[in-house]
Structures are given as C-alpha cells and as structure tokens.
Amino acid sequence: MSGEPDIATAGRIEQDLAHLTVGTVRELRLDLSGVTFCDSSGADLFVRVHQHCAATGVRPHMCGVPRLCTTVFRVLGVDGTLPCSFA
C-alpha cells in the first residue's frame, strides 16, 4: 500500500482489500512501507480488515509498518491486536 489511509480514503481502501480475500486466498500480506500518513480512521480500517479476514478464514499480516503508523497503532492499542511487523 501507499498513500494516506485516513477518513477520506478508508472506505474505498476497505472495499478494495475485501475483494482480495475472496476465493482460495488464505493469507493477506499488506506492505505498508509506502504509507505516508495514517490517522485513527486508517488504524480503524486495518482493524476492520483484520476482522473481515478472521471471518473469512484469511490470515492477515501487515509488514513494513512505518514509524508514523507505529505511533498511531501504539497510542490506539492497535499494535497488540493486529499481526504486524514494523519497519
């Protein structure tokens, strides 16, 4: 992923990611190294994606989580909920 998962883009991104978990997909790896901004709406987006994956039997993993996202995830407590590796 790249860009800014925030209140303006979260809905579209969620729809795009939901399409990736259809069929025989068993793992969804999101490379967030290109993310340049993430607010609480973006963090909530990743929680919803994680919940959708759990409901459909897909293992999610976020890798390359940049420092900006790391801070937001830790403040909101998302880092303990989502499987992710930080950059």
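Above this note sits the structure.
Quick caveat: nothing in here was measured; it's all calculated off a predicted structure.

### A closer look at the pairing of strand β2 (residues 27-31)
A one-sided burial pattern is seen for β2, the buried positions being L28 and L30 and the unburied ones E27, R29 and D31. Here five bridges tie β2 to strand β4 (residues 59-65), and the two strands are oriented parallel to one another. Paired with E27 across the two strands is R59, which belongs to β4.

### Things to note about the packing of aromatic side chains
How two aromatic rings sit relative to each other is given by the distance of their centres and the angle of their planes. With the rule as written, the count across this model stands at one aromatic pair. Taken together, a centroid distance of 5.9 Å and an interplanar angle of 70° make the contact between F46 and F73 edge-to-face. Here F46 is found in helix α2 (residues 40-56), whereas its partner F73 is found in helix α3 (residues 67-76), with 27 residues between them in sequence. For the pair shown, F46 and F73 are each scored as buried.

### Overview of the pairing of β4
Most of β4 is tucked away, with six of its seven residues classed as buried. Two strands pair when backbone bridges link them, and β4 and strand β5 (residues 84-86) are joined in this way by two bridges, in the parallel orientation. Bridge pairing in β5 places M62 opposite C84.

### Topic: α3
Among all positions of α3, only C69, T70, V72 and F73 are buried. For α3, the arc enclosing every buried residue in end-on projection is 165°, short of the 170-degree limit, so these residues lie on one face. In α3, the exposed positions angled more than 90 degrees off the buried face are occupied by R67 and V75. For α3, the secondary structure elements touched by its buried residues are β3 (34-35), α2, β4 and β5. Among the residues trailing α3, G77 stands out with phi positive, at a value near 80°.

Rules of the game
Residues numbered from 1 in each chain as written. Predicted model: local features only at pLDDT ≥ 70, side-chain atom pairs only at ≥ 80, totals over all residues. Heavy atoms only, no water. Buried < 20%, exposed > 50% of the residue type's maximum accessible area, 1.4 Å probe, protein only. Helix = DSSP H or I, 4+ residues; strand = E, 2+ residues; numbered from the N terminus. Pairing = 2+ DSSP bridges. Phe/Tyr/Trp six-rings, centres within 6.5 Å; stacked < 30°, edge-to-face > 60°. Arc of directions from axis to C-beta. Contact = heavy atoms within 4.5 Å.

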